Amino acid sequence: MDDRLSNDRLARQTQLGERVRQYASRIVEFTRPTYNETEVRVDFVNPLFRCLGWDVDNEAGLPQHLREVTHEATVIVDENGRQRSKKPDYSFRVGTETLFYLETKKPSVDITADNVPAFQLRRYGWSGNLKISVLTNFTDLYIYDCSVRPVETDDVGVALLAHYSYTEYVEKFDEIYGLLSKEAVL
């Protein structure tokens, strides 16, 4: 890696560290039920994925079908034997190929114990024929293998590839970057 890329990655890691410190300093506020999903997406999840090199806000001005990140993407899932249209919070793409979905929950939702969010995300990824998908409430970040058919009664650990706490985001930045950054998936 040349010095320019190394410096850019270090700057991104530093930016993420600032967000993590902000989150930690006000975690009681952020984990209240009144702090909603949209707020965590704007305040923390979008900046996290910008630090991973994704154009979350379409600053490049690409047409809808070529955006790197689509908010409220659409996927057709099987629900009780019927085909239903569902909306993952984000779809990450290169060109027109979807690489993974990201589902966000508000921090008061304990995604480490509640299996419903994991099932929801894995069903999206399975239905979209994706290799992986990501679940976060910013407190925790889960990466799931979507080649394993989801079952509603599955524990949160089924098909789990990686789990990171927000307290590890800076320390394990290179590892997370290697899994989810735009550079890594290209």
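Up top is the structure.
A brief look at the structure comes next.

Thresholds, definitions, all that
- Residues numbered from 1 in each chain as written.
- Predicted model: local features only at pLDDT ≥ 70, side-chain atom pairs only at ≥ 80, totals over all residues.
- Heavy atoms only, no water.
- Pairing = 2+ DSSP bridges.
- Helix = DSSP H or I, 4+ residues; strand = E, 2+ residues; numbered from the N terminus.
- Axes fitted to C-alpha atoms, helices over the stretch in contact; angles between N-to-C directions.
- Contact = heavy atoms within 4.5 Å.
- Buried < 20%, exposed > 50% of the residue type's maximum accessible area, 1.4 Å probe, protein only.
- Arc of directions from axis to C-beta.
- Core = buried A, V, L, I, M, F, W, Y, C linked by side-chain atoms within 4.5 Å.
- Salt bridge = Lys/Arg side-chain N within 4 Å of Asp/Glu carboxyl O.

1. A closer look at the sheet that holds strand β4 (residues 90-94)
Alright, step 1. Ordered in space as β1-β4-β5-β6-β7-β8, the 6 strands form an open sheet in which the pairing is mixed. Looking along the sheet, the strands with just one partner apiece sit at the ends: β1 (69-71) and β8 (160-165). Ignoring which end each strand starts from, the neighbouring axes of this sheet average 20° apart.
Alright, step 2. Here strand β7 (residues 140-145) runs beside β8; their pairing, made up of 5 bridges, is antiparallel. Of the residues in β8, the one forming a bridge with D140 is S165.
Alright, step 3. Seen against the sheet, helix α3 (residues 37-51) touches β1, β4, β5 (97-104), β6 (132-136) and β7 and runs at an angle of roughly 135° to β5.

2. Focus: helix α5 (residues 173-180)
Alright, step 1. Within α5, the full set of buried residues consists of F173, I176, Y177 and L180. Viewed along the axis of α5, the buried residues span an arc of 100°, placing them on a single side of the element.

3. A look at the environment of N115
Alright, step 1. Within the secondary structure, N115 is located in helix α4 (residues 115-127).
Alright, step 2. Residue class for N115 comes out partly exposed when judged on its relative accessible area of 24%.
Alright, step 3. In this structure the C-alpha to C-alpha distance between N115 and G157, which are 42 residues apart in sequence, comes to 8.8 Å.
Alright, step 4. The residues contacting N115, other than those within four sequence positions of it, are E152, T153, D154, D155 and V156.

4. Points about the pairing of strand β3 (residues 82-86)
Alright, step 1. Judged from the 5 bridges that link them, strand β2 (residues 75-79) and β3 form a sheet pairing that is antiparallel. When the bridges of β3 are listed, D78 appears paired with Q83.
Alright, step 2. Here β2 folds back onto β3 in antiparallel fashion, the turn holding 2 residues, of which N80 has a positive phi close to 55°.

5. Concerning the nonpolar core
Alright, step 1. Formed by 33 residues in total, the largest nonpolar core has its most connected members in F49, L52, W54, F100, F138, Y169 and L180.
Alright, step 2. Those elements that provide at least two residues to this core are α1 (3-25), α3, β4, β5, β6, β7, β8 and α5.
Alright, step 3. Of the residues forming this core, the biggest block, 6 residues, is contributed by α3.
Alright, step 4. For W54, the contacting residues outside a window of four places in its chain are F49, E68, V69, F92, R93, V94, L99, F100, L180, S181, K182 and V185.
Alright, step 5. With 13 residues, the next largest nonpolar core counts V75, Y101, Y124 and Y144 among its residues.

6. Structural notes on the pattern of salt bridges
A side chain with one charge may pair with a side chain of the opposite charge, provided their charged atoms come close.
Alright, step 1. Applying the stated criterion across every chain, the model contains 15 salt bridges.
Alright, step 2. A salt bridge links E29 to R26, with the shortest nitrogen-to-oxygen separation between them at 3.0 Å.
Alright, step 3. Given a relative accessible area of 33%, E29 falls into the partly exposed group.
Alright, step 4. Salt-bridge contacts for E68 lead to K182; the nearest nitrogen and oxygen are separated by 2.4 Å. Taken together, the residues E68 in the loop between α3 and β1 and K182 in helix α6 (residues 182-185) connect sequence positions 114 residues apart.
Alright, step 5. Take E68: its relative accessible area is 13%, and that puts it in the buried class.
Alright, step 6. Among the charged side chains, a network of salt bridges with common partners joins E37, R41, E72 and D89.

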